[in-house]
Amino acid sequence: MAKLSSIQKNINRSRLIKKLSNKRKDLKNKLKDKKLSIEERIILQNKLNELPKNSSSIRYRNRCELTGRSRGVYRKFGLSRIKIRELSMSGDLPGVVKSSW
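Residues numbered from 1 in each chain as written. Predicted model: local features only at pLDDT ≥ 70, side-chain atom pairs only at ≥ 80, totals over all residues. Heavy atoms only, no water.

Trainee: Let's hear about the layout of surface pockets: which residues, and what values?
Mentor: Reported here for the largest pocket is a volume of approximately 160 Å³. The wall of the largest pocket is formed by Ile7, Asn10, Ile11, Ser14, Tyr60, Arg63, Cys64, Glu65 and Gly68. A class-by-class count of the residues in the lining of the largest pocket yields four nonpolar, three polar and two charged. (1 Å grid on protein atoms, 1.4 Å probe; cavity = no way out; pocket = protein on both sides within 12 Å on 5 of 7 lines; lining within 4 Å. Points joined across faces, edges and corners; volume = space filled by probe spheres on them. Nonpolar A, V, L, I, M, F, W, Y, C, P; charged D, E, K, R; others polar.)

So this is what it looks like as structure tokens:
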């Protein structure tokens, strides 16, 4: 089980990302405009820098829904490899069967 503070921090990051994603996207699109002068682009870059760092989507970490483990998480299930194995062996994951050939 991961530390509860790490899990909570990640939840807060996801809220910030959802809240500020449109503003961040607009600023980035304006920055890409080559018609703007350098001074205007610097002003836009400063506005982007003033946004919280945790509002950037790159800072979000995929975590297991059950344990909070941050490594070995499968996107399809939202679970870590360890929990996928445990649940599939007990038959709790529908559609997952042990492979044999």
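Trainee: Any details on the side chain of Ser80? Residues and values, ideally.
Mentor: For Ser80, the position within the fold is in strand E2 (residues 79-80). Sequence-distant contacts of Ser80, that is, excluding residues within four places in its chain, are made with Cys64, Thr67, Arg69, Arg71, Gly72 and Val73. (Helix = DSSP H or I, 4+ residues; strand = E, 2+ residues; numbered from the N terminus. Contact = heavy atoms within 4.5 Å.)

Trainee: Got a sec to walk through the environment of Asp92? Specific residues and values, please.
Mentor: With respect to the element layout, Asp92 can be found in the segment after helix H3 (81-90). Each C-alpha atom, one on Asp92 and one on Lys25, is 40 Å from the other, the two residues being 67 residues apart in sequence. A distance of 3.1 Å separates polar atoms of two side chains, one belonging to Asp92 and the other to Ser90. (Polar contact = N/O pair within 3.5 Å; in protein donor to acceptor, adjacent residues only side chain to side chain.)

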